[in-house]
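Spelled out from the first residue to the last, the chains are:
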Amino acid sequence: MTGYFYKTVAITYLEKVLRHAEERLISSPKSRPADILALYQKFIRMEEHRLRIQHRGGAGGREICRGRATLIDVMLRHIHRGAEEFLTDKHGARPHPRLSLLAVGGYGRGELNPFSDVDILFLYEGRSPKPEAFTDEMVQQILYMLWDIGLKVGHASRCIPDTLAHANQDMQSMTAMMEARFLTGNTALFAEFQEQFRLKCLKPHVDDYIRWRMNDQTDRHAKAGNTVFIQEPNIKNGCGGLRDYQNLHWIARVKKGVETTPELESKGLITRSELKQLEAAYDFLMRVRNELHYRAGRPNDTINLNLQGKIADAFGYQQRTVLRRIEVFMKEYYTHARNIFFITNLAAEKLSLSPERQTITAFNFLARLQKKQETIDGFVFRNGIIHAENSSVFREDSFRLIRVFLYQQQRQASLDPELRSLIQSRLGLVDRSFCYSKSARETFRAILESKGQVGRILRSMHEVGFLGRYLPEFGRLTCLVQHEFFHRYTADEHTLQCIEKLDMVLDSKEPLFAKYTPLFQKLENPFVLYLALILHDTGRAENSRHHSDSSAKNAMHIAKRFHLTEEERRQLIMLVDHHLTMSEFGRKRDLCDPAVIREFAQIVRDERGLDKLHLMTFADSQGVGSNTGSDWRELSHWQLYHSTREFLAGSFEQNTHTEDARGALREEVTRLLRPRGEDLADQIDEHFLSMPPRYFLIRSPEQVADDIRLVGKFLHTLGEDTVNALAPVSDWRHYPEAGNSRVTVCTWDRENLFLKIAGAFTVADLNILNAAIYTRRDNIILDTFRVCDTKFAAVTDERDIRLVENTLHRALTDPDFDLVEKIESLRAKRPRPEPLPERFPQRIIVDNHVSAEATMIEIQTADRMGLLFDVLEVFSRLNVDIFLAKISTEKGAALDTFYVTDRTGGKIMDPHYIESIRTGLRRKI
């Protein structure tokens, strides 16, 4: 049952239930006010439970919301009548001021999710900002009853002039008043308010209101990443959320007087099929929001990772595994949200376009001739907008369907809303012969050869559905959930983000992107690189264990279809097949090992392949949507790039880091230290002779200078105080914009040193994001950590810094100090961390093949305070020595790789020893 009939039946039923209960209560001789309150509480509890059962049974989102609004309507009318009767008896029969009780906001629309606020307005007659005593007492009686019942009520008491003034001062209030619905009280007063609101609020401010609403939508979309396809979407305020649907209704009402969704079609703003898609999408999102409210027991609008599987199960998806159920549920969500996003944006654009940007029609033909315009190939270009000359433009020549995007790129233009709708209606022309045609192939290639201008056009193609029709391999990624925890977007959106990030490299002034600009600018033909990015994740649609293999097969088919040269085909397949290889080498492998560099060089084969893979790796990492720890990732990628380039040039084998490069670094360090009058020549010599080669590969001149100063401070402290010869010194540098601090610790090397430093951070409740450990030949260590506090911010509180330093001092100098016991006692007092979603993969991998010198142990698990300390404690207990540690934290997950040996300095080969390490780590993580 829907609409008026549904509401009438529901009200009749609820009125009957409540009236019967009231009659029984009133007939009781011992009836008290507390009994009335208990009656209402029982009534609302039972009826909301009934609604919850209906929701569990599959009822639509709007049905439940209308049911709750109707339930509150009936109860409010009864409470209002009871308060009026009580006060009339109390004060005697006399004329009372007129008062109307109105529902506003979402409640005014008749849409109340299970835990949404009940927003009401008490509208009273007169012009005074303060109501008369009787009215004020009436309001208080109603509000106290609602609060005692347990409802969360948003309320205001105003006369008509105040209400109108408030609406004109605040567009948010104007929107809420626009939704005002009469509940009970004086109908004439409400009618007067409606007329005054139309004349004094809506009519004079049409353009201002629409501008404000569109700006609000732009801001909301920007906060949501300007995309529907985000991993944890906000169902209310995100792109394609409920607010987008409501926003269209508000501006259509102000501009065109539209009151209902079907009127959007009759006014020519949307088509019949779009109307059906819009209504189905809104109902689905409302149902999901109801589920979020019921599960949280409070308002909740975010479909976070921990809830996705539970919602999929509650909605009855039947796929065999939880991942498949999540995939189907989220794909349905993205499809509906995408429909809301595109349909409402298209309609809103029609409503908000200025006259000179309106679609060409017979009625404005003469006016059009007076404006500067250009007509090419069936399209009219005017004021940066492309229009179709007529509705047969694509039937006359189907290849215009792809050429129009080339024109859009060449002229930096936008597609007219009507043209976008026309393209969508003609996608059936993109058949097999179209996809394999030389004409379409050459046009598509021309688009991908326009360096720095590709992403916007591919997104435009995707939004109207053309890209997936022309490249079915990519089309299968549409709205596809990525089961990798670290991806923020769906597979199709991630791909478009990658391409847009690559575009930015061409002329970006942002330092992170600008480092790659010379590589991209010297690239002669970007076609293969852009095509590789389009295809790199297409294998995810196959649900295969290694999606890169399936993506490479797709690349082989595309190479044949596009008639690529042999060299283009080889590079395309290499880039797609190895799009994760550079990241994996940087995160896991020892980049100072010549065998590792040789292996990577054999993959890229030449400098052109290396440049393209480096650019692709950067774009892919940026397109994920999470940059936590990106500075460390970047350093490792550049280290791998430079070492491989040296290898390809024939110089890497002779010297991992050339004497020229080392000499240039030393000169810069000396220059940085000299202006401060620091006589550190001997210390500079010793430092450059004592540190391992990998140190100089990733340390900047400024960092090396800081380290030399710290070593000098440590040695000076030893000369002053031989009692504390084992005490460390530390240097803290804070980076608030990056949300972390860099801490370097200098002291003598000794057993379990890494463990004790990690423990000191754990005591202070600081999280270790990255770690780099170096030992000089004189047994002085320089260990550098990136850390943050519990709010993922830089550690600027002096108390935290002192706590770390004092704890580490005791751990290294006091033999009676038990650091493990200290940490265990603190943990018992701290709340357990939020678990990562069940789809997050936890892994412990032991590999004896990637290094000639050590065993690699890779750990992937949920990050938490003290995790690194726990891992190191296991290694210490099992006599495992750490040769190299690569610590990384992203999005609440720890990705740690350790190169380890046994106490003899050899690889760990004994299966029983390996299993004991696995068992110990599993228990800790």
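Residues numbered from 1 in each chain as written. Predicted model: local features only at pLDDT ≥ 70, side-chain atom pairs only at ≥ 80, totals over all residues. Heavy atoms only, no water.

**Q** Provide a residue-level description of the sheet that holds strand E5 (residues 374-376), including the pertinent values.
**A** Here we have 4 strands laid out as an open sheet, ordered E5-E6-E7-E8, and mixed in their pairing. Sheet topology places E5 and strand E8 (414-415) at the edges, where each strand pairs with a single neighbour. Pairing between E5 and strand E6 (residues 379-382): 3 bridges, direction antiparallel. By the bridge assignment, Thr375 is partnered in E6 with Val380. (Pairing = 2+ DSSP bridges. Helix = DSSP H or I, 4+ residues; strand = E, 2+ residues; numbered from the N terminus.)

**Q** Could you give an account of the packing of helix H38 (residues 753-763) against helix H40 (residues 819-829), naming the residues involved and the relevant values?
**A** For the pair H38 and H40, interaxial distance at closest approach is 10 Å and the crossing angle is 25 degrees. Between H38 and H40, the crossing angle belongs to the class labelled roughly parallel. Crossing hand, H38 versus H40: left-handed. Across the interface between the two elements, Lys756, Gly759, Ala760, Thr762 and Val763 from H38 touch Leu819, Lys822, Ile823, Leu826 and Arg827 from H40. (Axes fitted to C-alpha atoms, helices over the stretch in contact; angles between N-to-C directions. Parallel < 35°, antiparallel > 145°, perpendicular 65-115°, else oblique. Left-handed = near helix turned anticlockwise from the far one by under 90°. Contact = heavy atoms within 4.5 Å.)

**Q** So what's going on with the packing of helix H27 (residues 527-535) against helix H32 (residues 607-622)? Residues and values would help.
**A** The contact between H27 and H32 brings their axes to 11 Å, and the two run at 40 degrees. Of the possible angle classes, the one that applies to H27 and H32 is oblique. Crossing geometry of H27 relative to H32 is assigned as right-handed. Here Val528, Leu529, Ala532 and Leu533 of H27 lie close against H32, whose contacting residues are Lys612, Leu615, Met616 and Ala619. When the residues that make up the contact of H27 with H32 are grouped by side-chain class, the tally is 7 nonpolar, no polar and 1 charged. (Nonpolar A, V, L, I, M, F, W, Y, C, P; charged D, E, K, R; others polar.)

**Q** Summarise the sheet that holds strand E4 (residues 181-185); cite the residues concerned and give the values.
**A** If you trace the 4 strands from one edge of the open sheet to the other, you get E3-E2-E1-E4, paired in mixed fashion. The open sheet terminates on both sides in strands that have one partner only, identified here as strand E3 (153-159) and E4. Strand after strand, the sheet turns through a mean of 25 degrees between neighbouring axes, direction not considered. Two strands pair when backbone bridges link them, and strand E2 (residues 118-124) and E3 are joined in this way by 7 bridges, in the parallel orientation. Each residue of the ladder has a partner; that of Val118, found in E3, is Val153.

**Q** Lay out the packing of aromatic side chains in plain terms, naming residues and giving numbers.
**A** This structure, assessed with the given rule, holds 38 aromatic pairs. Here Phe688 and Phe696 contribute two aromatic rings whose centre-to-centre distance is 4.9 Å and whose plane-to-plane angle is 25 degrees, an arrangement assigned as stacked. Ring pairs connect the aromatic residues Phe399, Phe405, Phe434, Phe444, Phe466, Tyr470 and Phe562, which therefore count as one cluster. Over the face of the ring belonging to Tyr107 we find Arg181, whose NZ or CZ atom lies 5.3 Å from the ring centre. Sitting over the face of the ring of Phe527, Arg445 holds its NZ or CZ atom 4.1 Å from the ring centroid. (Phe/Tyr/Trp six-rings, centres within 6.5 Å; stacked < 30°, edge-to-face > 60°. Lys NZ or Arg CZ within 6 Å of the ring centre and 35° of its normal.)

Geometric values such as these leave the question of function open.
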